[in-house]
Every structure is written in structure tokens, then in C-alpha cells.
Amino acid sequence: MKRSLMKLTGVLITLVFLAGCSKEDEPKSLSQQQLEKLSGTWNLTSANDGTDRNDFVGVVLTIPGTFNNSNPLGPYTYTFTGTFPNPSPWPETGNWSFVEGEEGTTFIRNADDVAVTYVVADHSLQLSFTYDGAGYDGGVFGRGASVDGSWTFEFER
């Protein structure tokens, strides 16, 4: 009887301990860690295509942080607000996905398959890519020069 009671007590303690464990205790995937770093509201501080561009006015990038457990690479969404030149190398909204094996450095814009290299720190984000296309409607400014070339965008929180 005493032995059965000790076994039952041991089983109950184990069950209580296991019930206290959750998926939150499991280590996060690289995709999840990177999405957490990228998510939030980012204010554009500079745009450059070989020259400093001042035709991106009041641009804010928002990346929601909802992780896709069923497909960790994405797609995820982004939204820009503010004024872009016309044409622009960025669509105002869209989806992107991490590049498998490069979750800490690269994502793909799903609309045009442009590979975007990113560097994210606590309060800064740098996005770099090479664009070769007609561009996207920026809205306010008249049709300007080509948007082909290498671009770097700097943001801060």
C-alpha cells in the first residue's frame, strides 16, 4: 500500500511538472527569431540608389509580427505609408518570405521575386536589393527616372 501511494505521488508530481511545460519553453526557430527582430514600425531615414534620394517623404514601413507556425519561411506581410516617387522600386504593400538557410540575411518579395538583403539591430534596419523592372506607382510625383539599379534603404524605430 505504501509503495503504491509513493508511485502514485511520483506520477502526480511528474504530471504536474509536465503540465507546467509549454511550447513557449521550446527554443524558437531562426525564422521566428528574425521575424521578431523585423516586426514593428520602421521610419525611413535614407534611401539611396547611388545617390541620396529625397523623394521618399514620411515613409514608414510596418511589418506585423504574427509567426506562421505551419510555414515558418512565410509568407509574411509588409505595408508602407508615406510618399514615394513615381515609379518606385517598392510596392506599397505586399508579401515576403524568408530564403531557406538564409533566414538571418535575406528575404524574397513575393510579388516580383526580388531578393532583399537585410541587417537588423535593436533600433535600425537596412534593406538592400537590386531592382530591374518598370517600378511601382508611387502616387504623387510625376513619372521620373528609371528605378533600375542597386538600392539601400535605412530605417530606425
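Counting of residues starts from 1 at the beginning of each chain's written sequence and follows it residue by residue. Restriction of local features to residues with pLDDT of at least 70 applies here, the model being predicted, together with a cutoff of 80 or more for giving and counting side-chain atom pairs; totals for whole chains, interfaces and linings are based on all residues. Hydrogens and waters are ignored; side-chain quantities use all the structure's heavy atoms.

Peer 1: Requested: an account of empty space enclosed by the protein, with residues and values cited.
Peer 2: A pocket, in this scheme, is an open set of points on a 1 Å grid over the protein atoms alone with protein on both sides within 12 Å along at least 5 of 7 lines, while a cavity is a set where a 1.4 Å probe fits but cannot get out; residues line either one if an atom lies within 4 Å of a point. Grid points are joined across faces, edges and corners, and a volume is the space filled by probe spheres set on the points. Per the stated rule, a full pass over the model turns up 1 cavity of 30 Å³ or more. Here the largest cavity defines a volume of roughly 60 Å³. For the largest cavity, the full set of lining residues is Leu-61, Ile-63, Tyr-78, Phe-80, Trp-90, Trp-96, Phe-107, Leu-125 and Leu-127. Sorting the residues of the lining of the largest cavity by element identifies β3 (57-63), β4 (76-86) and β8 (124-131) as the ones contributing at least two each. Each residue gets one label: Ala, Val, Leu, Ile, Met, Phe, Trp, Tyr, Cys and Pro are nonpolar, Asp, Glu, Lys and Arg are charged, and the others, such as Gly, are polar. Taken together, the residues of the lining of the largest cavity break down into 9 nonpolar, no polar and no charged. Helix and strand assignments come from DSSP, with helices taken as H or I runs of at least 4 residues and strands as E runs of at least 2, each series counted from the N terminus.

Peer 1: Could you give an account of helix α2 (residues 30-38), naming the residues involved and the relevant values?
Peer 2: Of all the positions in α2, only Ser-31, Gln-34, Leu-35 and Leu-38 are classed as buried. Across the axial projection of α2, the buried residues extend over an arc of 105°, all falling on one side. The criterion used for residue contact is that any of the two residues' heavy atoms lie within 4.5 Å. Taken together, the buried residues of α2 touch β1 (40-48), β3, β4, β5 (93-98), β7 (114-120) and β8. Looking one or two residues beyond α2, the residue adopting positive phi is Gly-40, at roughly 135°. Classification of residues uses two cut-offs on accessible area relative to the type maximum, computed with a 1.4 Å probe and protein chains only: under 20% is buried, over 50% is exposed, and between them is partly exposed. Directions drawn from the helix axis to the C-beta atoms are what define this arc.

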